[in-house]
Structures are given as structure tokens and as C-alpha cells.
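Structural description and commentary
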Amino acid sequence: MRISAAVSGALAVLLLVLVAVGWSPLLSVDREVAEALHRSAVAHPGFTHLNRILTDWVWAPWTMRTLAALTVVVLWWRRERRLALWVAGTVLLAWGLQHGVKAAVGRPRPSWPDPVDSASFPAFPSGHAMTAAVVCGLLLWVLALHWRETWWGWGTLTGAALVSVVGVGFTRVYLGVHWPSDVVAGWLFGWFCVAVAIITYRRVERRTEEG
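**Focus on the layout of surface pockets**
Gaps between atoms show up when a probe of the same size as a water molecule is rolled over them. Estimated volume of the largest pocket: approximately 420 Å³. Secondary-structure elements contributing two or more residues to the lining of the largest pocket are α6 (127-147), α7 (154-174) and α8 (180-210). Ranked by residue count, the leading element in the lining of the largest pocket is α6, at seven residues. Its residues assigned to classes, the lining of the largest pocket shows 17 nonpolar, one polar and two charged. Here the second largest pocket is characterised by a volume of approximately 260 Å³.

Here it is in C-alpha cells:
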């Protein structure tokens, strides 16, 4: 887990630097992918509408945070207060990191003469992608602590989480409100937050048991 945290954190920071300095190869790939997907979005309004439903309702940040809040309530009810606070704290810290990086980088969103959707706040990193990565990662971790060995639906839930994280990232680029690197950065920053939360929680639990 430490290696995972270090790698995701390092890659996230590297991507941040490349975007901040305007590294042309990255910006060129961003533009090519975004333009190709935007052409598809304009040409296929039905599929575009489906993507708007998914991004605005099914995988929206408020949907993900609601799932996290319900998890916190259940953990608190089960008297797992430390784990509940860890989940809540990680979501809040990730939200603060997300907006801090957005403000620091200030990357403009894609601009189209024929937009199919709109969004506010700077583009980097994608808040949808980061929130989905954080919440899905935390939910899988909490479930793994309790039911991984006995619950038959573990594989299905893991697949659903992966589809949600990848899917919401796709919708943001397809709808023309993010560059691909915004989404990748969201995933990286999100997983970094989850990995750090797991590492620190395990450390505190170990010290508590030893004490």
C-alpha cells in the first residue's frame, strides 16, 4: 500500500507540473482526444443524453458523498467510531485537496462553439473522477475489512466500483467539460487519498493494539 500511495502521489504531482508548465505533447494528446469525443457527442445526441444522466445523477459527486455519508452512519451505529471518522475525514480532506489544486493550477476547461454541456470551476483535476475514486475506494476498503471472505457479491461490487470510476471519467471528457489529463489526475489524487487513509488507519490500529 505504501508503494501504491507513493506511485500514485508522484504521478499525480508529475501530471500537475506538466499541465502547469503547458507541456505541449500532453496538451496535444488532450486536444486530440477531446476533439474526437466532442465530435461524437455532437453527432449522437441520444448517447450524449445518457452520459449527462450518468454524470449528473448516477455518478455525480453528491451521489458519491451521499454513499460515503451513509457508510459513516452505519459504521457509527455499529460503534466503529474511529473507522467512521476516518472515512468522513478522508472524504473531506480529498475535497479540500481537489479545490486547492484547482485553484492553484487554474486550468481552463475545453471551449467549444457547439457545447453539449457546461461546468464551473477550473478543470484540473476532475472533481467527478476524484470523488468517485475516493468514495469507491473507501467503500471497497470498508467492505474488505468486514465481509471480503464471506460475502458472495464481492466481485460484483468491485466490478461496479471500477465501472463507476472509469465511467464517470469518460463522461466528463465525452461531454466536453474536461481534458483527459484532468480525469487521470482525478483518479491519481483520489487513489492517493485512499491509500494514505488506509496506511494511517492501519498504523493507528497497530499502535492501539500494542498499547
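**Describing unusual backbone geometry**
Glycine aside, the phi torsion of most residues is negative, and most peptide linkages are trans. Omega for the peptide link from F124 to P125 comes to -5°, which places this bond in the cis form. Structurally, P125 can be placed in the loop between α5 (81-105) and α6. In the Ramachandran plot, R79 falls in the positive-phi region, its phi being about 65° despite a non-glycine side chain. As for its position among the elements, R79 is in the loop between α4 (61-77) and α5. Phi at F121 takes a positive value of approximately 70°, unusual for a residue other than glycine. Its place among the elements puts F121 in the loop between α5 and α6.

**Describing α7**
Here α7 contains 21 residues, and its C-alpha end-to-end distance of 30 Å stays within 8% of the 30 Å for a straight helix at 1.5 Å per residue. Those residues of α7 lying buried are W154, A161, S164, V165, G167, V168, G169, T171, R172, V173 and Y174. For α7, the secondary structure elements touched by its buried residues are α2 (24-43), α3 (45-58), α4, α6 and α8. Immediately downstream of α7, the backbone of G176 shows phi near 75°, a positive value.

**Some points on empty space enclosed by the protein**
In total, this model carries one cavity of 30 Å³ or more according to the counting rule given. Of the voids in this model, the largest cavity is the one considered here, and its volume is about 60 Å³. Together, R65, V91, A94, W95, Q98, M130, T131, V134 and V135 line the largest cavity. Those elements that place two or more of their residues in the lining of the largest cavity are α5 and α6. In terms of residue class, the lining of the largest cavity is built from six nonpolar, two polar and one charged.

**Quick word on the environment of W77**
You can see W77 is positioned in helix α4. We classify W77 as exposed; its relative accessible area is 72%. Taking C-alpha positions, W77 is 18 Å from A144, a pair spaced 67 residues apart along the chain.

**Digging into the pattern of salt bridges**
All told, the structure shown has six salt bridges when counted by the stated rule. Of the charged contacts, one joins R107 and D30 as a salt bridge, the two residues approaching to 2.8 Å between their closest N and O atoms. Placement of R107 in the loop between α5 and α6 and of D30 in helix α2 is noted, with a sequence separation of 77 residues between them. Residue R107 is classed as buried on the basis of its relative accessible area, which comes to 9%. D182 is the salt-bridge partner of R107, the closest N and O atoms lying 2.7 Å from each other. Of the two residues, R107 is situated in the loop between α5 and α6 and D182 in helix α8; the sequence distance between them amounts to 75 residues. With respect to burial, R107 and D182 carry one shared label: buried.

**A word on a nonpolar patch on the surface**
There is a patch of nonpolar side chains on the surface, built from I3, V7, L11 and L14 and spanning about 380 Å² of accessible area. Mapped onto the elements of the fold, L11 is located in helix α1 (residues 2-21). On the basis of relative accessible area, L11 is assigned to the partly exposed category, the value being 42%.

About the thresholds
- Position labels on residues start from 1 in each chain and follow its written sequence.
- In view of the model being predicted, local features appear only for residues whose pLDDT reaches at least 70, and side-chain atom pairs are presented and counted only at 80 or more, with totals across whole chains, interfaces and linings using the full set of residues.
- As a rule here, side-chain values come from all non-hydrogen atoms in the structure, and water together with hydrogens is ignored.
- In the cavity and pocket records, a cavity denotes points on a 1 Å grid over the protein atoms alone where a 1.4 Å probe fits but cannot get out, a pocket denotes an open set with protein on both sides within 12 Å along at least 5 of 7 lines, and lining residues are residues with an atom within 4 Å of a point.
- Grid points are joined across faces, edges and corners, and a volume is the space filled by probe spheres set on the points.
- Going along the chain from the N terminus, every DSSP run of H or I of four or more residues is numbered as a helix, and every run of E of two or more is numbered as a strand.
- Following the grouping adopted for this structure description, the nonpolar residues are Ala, Val, Leu, Ile, Met, Phe, Trp, Tyr, Cys and Pro, the charged ones are Asp, Glu, Lys and Arg, and the polar ones are all others, Gly among them.
- The span one expects for a helix is its residue count, reduced by one, times 1.5 Å.
- Burial here depends on accessible area, computed with a 1.4 Å probe over protein chains only, as a share of the maximum for the residue type. Under 20% is buried, over 50% is exposed, and the range in between is partly exposed.
- We call two residues in contact when some of their heavy atoms are within 4.5 Å.
- Note on definitions: salt bridges are taken to be side-chain nitrogens of Lys or Arg within 4 Å of carboxyl oxygens of Asp or Glu.
- The patches reported here contain residues having more than 30% relative accessible area and no salt bridge. Joining distances are 9 Å for like charges and 5 Å for nonpolar side chains (Val, Leu, Ile, Met, Phe, Trp, Tyr).
- All accessible areas in this document rest on Shrake-Rupley with a 1.4 Å probe, and a residue is counted as covered only by the protein chains that are shown.

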